[in-house]
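Residue strings, one per chain:
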Amino acid sequence: RAEITSRLERAASANPEHAESQRLLGDLHLLEGRAEDAIAHQRRALRVDPDDLSARSGLAMALLAADRPGEAAHHLRQVVARRPGAAEDHHRLGVALARQGHLAPALRAFEEALRLDPDHGEARRNAARARSLVLRPPGAASGFPSAAP
């Protein structure tokens, strides 16, 4: 992976306007646990191509990894609006909302993910967790994990 990262870093430095290099480097940094670097590269990709849904989704995942679920939800709403048939996008939005304590909208997002993909195990578990928490008194901890990249 270090070789790939090194090549992508050279390509991104040589041509900072190449959105795909920026996005891929952001994806790699996220996998390496370097959320802030991932955020920077995904933002660069979006400056070049604001319509790149993969970069917007990647930015949202990096923001979730950096414990910034409000910002992540903002970007995921945009992704879901333009790619409404992708179950994973709805699931990720649900995670971002749940981590902010917005359990009813999170539950709706998880249920939409399940409508689109009834076999989505994480969405099923998170929907069940959200349902149980909606019934809990206010202030109960959510315990929602990060969405997988």
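Scope of this entry: the structure provided in the associated data block.

Quick notes on the rules
- Residues numbered from 1 in each chain as written.
- Predicted model: local features only at pLDDT ≥ 70, side-chain atom pairs only at ≥ 80, totals over all residues.
- Heavy atoms only, no water.
- Core = buried A, V, L, I, M, F, W, Y, C linked by side-chain atoms within 4.5 Å.
- Buried < 20%, exposed > 50% of the residue type's maximum accessible area, 1.4 Å probe, protein only.
- Helix = DSSP H or I, 4+ residues; strand = E, 2+ residues; numbered from the N terminus.
- Contact = heavy atoms within 4.5 Å.
- Axes fitted to C-alpha atoms, helices over the stretch in contact; angles between N-to-C directions.
- Parallel < 35°, antiparallel > 145°, perpendicular 65-115°, else oblique.
- Left-handed = near helix turned anticlockwise from the far one by under 90°.
- Nonpolar A, V, L, I, M, F, W, Y, C, P; charged D, E, K, R; others polar.
- Expected span 1.5 Å × (residues − 1).

**Concerning the nonpolar core**
Phase 1 of the analysis: One finds L64, A72, L93, A96 and F110 to be the most contacted residues of the largest nonpolar core, which totals 34 residues.
Phase 2 of the analysis: For this core, the secondary-structure elements that each account for two or more residues are α2 (19–31), α3 (35–48), α4 (53–65), α5 (69–82), α6 (87–99), α7 (103–116) and α8 (121–134).
Phase 3 of the analysis: When sequence neighbours within four positions are dropped, the list of residues in contact with A72 reads A60, L63, L64 and A96.

**Notes on the packing of α4 against α5**
Phase 1 of the analysis: Close contact between α4 and α5 brings their axes to 8 Å; oriented N to C, the two are set at 155°. What the angle tells us is that α4 and α5 run roughly antiparallel. The handedness of the crossing between α4 and α5 comes out as left-handed. Contacts from L53, R56, S57, L59, A60, L63 and L64 in α4 reach P69, E71, A72, H75, L76, Q78, V79 and R82 in α5.
Phase 2 of the analysis: Partitioning the contact of α4 with α5 into residue classes produces nine nonpolar, three polar and three charged.

**Description of α6**
Phase 1 of the analysis: When the terminal C-alpha atoms of α6 are compared, their 18 Å separation across 13 residues agrees well with the 18 Å that a helix rising 1.5 Å per residue should span.
Phase 2 of the analysis: The buried fraction of α6 amounts to 11 of the 13 residues, a majority that puts the element mostly inside the structure.
Phase 3 of the analysis: Within the sequence span of α6, burial applies to A87, D89, H90, H91, R92, L93, G94, V95, A96, L97 and A98.
Phase 4 of the analysis: As for α6, its buried residues are in contact with α4, α5, α7 and α8.
Phase 5 of the analysis: With its phi angle positive at about 90°, G101 sits one or two positions after the end of α6.

**Points about the side chain of H75**
Phase 1 of the analysis: Structurally, H75 is set in helix α5.
Phase 2 of the analysis: Relative accessible area serves as the criterion here: at 10%, H75 is assigned to the buried category.
Phase 3 of the analysis: Sequence-distant contacts of H75, defined by excluding residues within four places in its chain, comprise R43, R56, L59, A60 and L63.

**Digging into the packing of α4 against α6**
Phase 1 of the analysis: One way to put it is that α4 packs onto α6 with a least axis distance of 11 Å and a crossing angle of 30°. In terms of axis orientation, α4 runs roughly parallel to α6. As α4 runs across α6, the sense of the crossing is left-handed. Residues S57, M61 and L64 of α4 pack against D89, R92, V95, A96 and R99 of α6.
Phase 2 of the analysis: Residues belonging to the contact of α4 with α6 are distributed by class as follows: four nonpolar, one polar and three charged.

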